[in-house]
Amino acid sequence: MSSLFTLLDLVFRLASLLFLIRFLLQASDADFYNHLSQAIIKVTDKVANPIRVFLKPYGQFDFASALVAYLMSLGFFILFTVATNSSIDWPNTLVIAFARTAEILLSFYWWSILITIVSSFFVQQGVHPAIALLQELVEPLLSPARKLIPALGPIDLSPILVLFTLSLLQNFVKQIT
């Protein structure tokens, strides 16, 4: 039974991540012509478009995708609670689902920044479309940090500040859950 819950946790986390990435694509004004962007848009629009009828995008923010990501986290906790024959404590469950969604988003940013740092050492001539997309998604976090910590020649220390901040936020969110 434990392995089934682990598998379900993974599926719900990946589904939430997919919709969070869809939210970030529009929020960060990422390249929609990137093949990965197109794939994410095609997969997520089938679920998010009916919600967009009621929850319209506001500027660059596609709240329908963010809502679906939250509902995926909420759905996992409801499924887990029902499967363990526990009663649902709605206020607590709603907060935990929000914290889980935030933790997924923070983990995505943390790993994306780490991947872009490591790939910058290896990829010199051309940039892979996945790396280019990750760079576009993390740039809104890195640009304010670059204003605080200027580059030291070819060395950019701003990702370290952002990774440290993300780690602090992850610890805070894990304490909530």
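Now for a quick tour of the structure. (Residues numbered from 1 in each chain as written. Predicted model: local features only at pLDDT ≥ 70, side-chain atom pairs only at ≥ 80, totals over all residues. Heavy atoms only, no water.)

## Here's the deal with a nonpolar patch on the surface
Applicable threshold: Each patch is assembled from residues with relative accessible area greater than 30% and no salt bridge, linking like charges that lie within 9 Å and nonpolar side chains (Val, Leu, Ile, Met, Phe, Trp, Tyr) that lie within 5 Å. Computed with the Shrake-Rupley method and a 1.4 Å probe, the accessible areas treat only the protein chains shown as cover for residues. For this document, the term salt bridge refers to a Lys or Arg side-chain nitrogen within 4 Å of an Asp or Glu carboxyl oxygen. Counting from the N terminus, the helices are DSSP H or I runs at least four residues long and the strands are E runs at least two residues long.
A cluster of nonpolar side chains, namely Val 53, Phe 54, Leu 55, Tyr 58, Phe 61, Phe 63, Leu 67 and Leu 71, defines an oily patch on the protein surface of about 820 Å² accessible area. Its location among the elements puts Phe 63 in helix α3 (residues 63–83).

## Regarding the side chain of Glu 103
Short version of the rule: Classification of residues uses two cut-offs on accessible area relative to the type maximum, computed with a 1.4 Å probe and protein chains only: under 20% is buried, over 50% is exposed, and between them is partly exposed. Contacts: residue pairs with any heavy atoms within 4.5 Å of one another.
Within the fold, Glu 103 resides in helix α4 (residues 90–122). Since its relative accessible area comes to 13%, Glu 103 is described here as buried. Apart from the residues within four sequence positions on either side, Glu 103 is in contact with Arg 13, Val 173 and Lys 174.

## A short note on the packing of aromatic side chains
Defined as follows: Only the six-membered ring of Trp is used, alongside the rings of Phe and Tyr, when aromatic pairs are assigned; centres must lie within 6.5 Å, and planes under 30 degrees apart are stacked while those over 60 apart are edge-to-face, with the rest tilted.
Applying the stated criterion across every chain, the model contains 9 aromatic pairs. Where Phe 76 meets Phe 77, the ring centres are 5.7 Å apart and the plane angle is 70 degrees; that geometry is what we call edge-to-face. In textbook terms, an aromatic cluster arises when at least three aromatic residues are bridged by ring pairs, as seen for Phe 5, Phe 12, Phe 76, Phe 77 and Phe 80.

## A few points about the pattern of salt bridges
Under the counting rule described, the total for this entry stands at 8 salt bridges. The partner of Asp 45 in a salt bridge is Arg 52, with the nearest N and O atoms 3.0 Å apart. Between Arg 146 and Asp 156 there is a salt bridge; the shortest N-O distance is 2.8 Å. Here Arg 146 is found in helix α5 (residues 129–148), whereas its partner Asp 156 is found in the loop between α5 and α6 (158–176), with 10 residues between them in sequence. By relative accessible area, which is 27% here, Asp 156 ends up partly exposed. Where salt bridges share partners, they join Asp 9, Arg 13, Arg 100 and Glu 103 into one cluster.

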